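Residue strings, one per chain:
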Amino acid sequence: MESAELREKEIQGSYKWLMIAGTAAVLLSCFLFYVDDVVMQNAPARDRAQAAEMAELRRAQAGLPARVTDDRQTLPLRIESENSQAHD
């Protein structure tokens, strides 16, 4: 009988921990979003322009194909040591 009660307490404790941790995670995310928004609104024009440029670059990079498009990237890797360069 004790093991059933202990298991029930453990299950209730796990639900309680999950709810508390989930609530804390959501609150932290909302706080960080708010702080980021306030900082960006009060940022100098130079910082806002840089953030917009970085966002544009990320969008452009995400739009590139995943396959290799440059033939130089398909060449085999050749590692040269200092000794082999001295003999050339």
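Residues numbered from 1 in each chain as written. Predicted model: local features only at pLDDT ≥ 70, side-chain atom pairs only at ≥ 80, totals over all residues. Heavy atoms only, no water.

What about the overall build of the chain?
Moving on, step 1. When helices and strands are tallied, the chain shows three helices and zero strands.
Moving on, step 2. Tracing the chain from N to C terminus, the helices and strands come up as α-α-α.
Moving on, step 3. C-alpha atoms of the chain, sized along the principal axes, occupy 80 × 45 × 30 Å.
Moving on, step 4. Here the chain holds 88 residues, and the buried ones make up 1% of them.
Moving on, step 5. With an accessible surface of roughly 8,800 Å², the chain has 59% of that area assigned to carbon and sulfur atoms.
Moving on, step 6. When the 10 basic and 14 acidic side-chain charges of the chain are each reduced to a single mean position, those positions are 5 Å apart. (Helix = DSSP H or I, 4+ residues; strand = E, 2+ residues; numbered from the N terminus. Buried < 20%, exposed > 50% of the residue type's maximum accessible area, 1.4 Å probe, protein only. Areas by Shrake-Rupley, 256 points an atom, 1.4 Å probe, with all protein chains shown as cover. Lys, Arg positive; Asp, Glu negative; His and termini not counted. Charge placed at Lys NZ, Arg CZ, Asp CG, Glu CD.)

Regarding the confidence of the model for the chain
Moving on, step 1. Mean pLDDT over the chain works out to 86, with 91% of the residues at or above the 70 mark.
Moving on, step 2. For the chain, per-element mean pLDDT is lowest for helix α3 (residues 82-87), which scores 59, and highest for helix α1 (residues 2-41), which scores 94. (pLDDT = per-residue confidence, 0-100.)

Digging into the environment of L6
Moving on, step 1. Take L6: it is sitting in helix α1.
Moving on, step 2. Residue classification places L6 among the exposed positions, given a relative accessible area of 57%.
Moving on, step 3. The sequence separation of L6 and D70 amounts to 64 residues, and the corresponding C-alpha distance is 63 Å.

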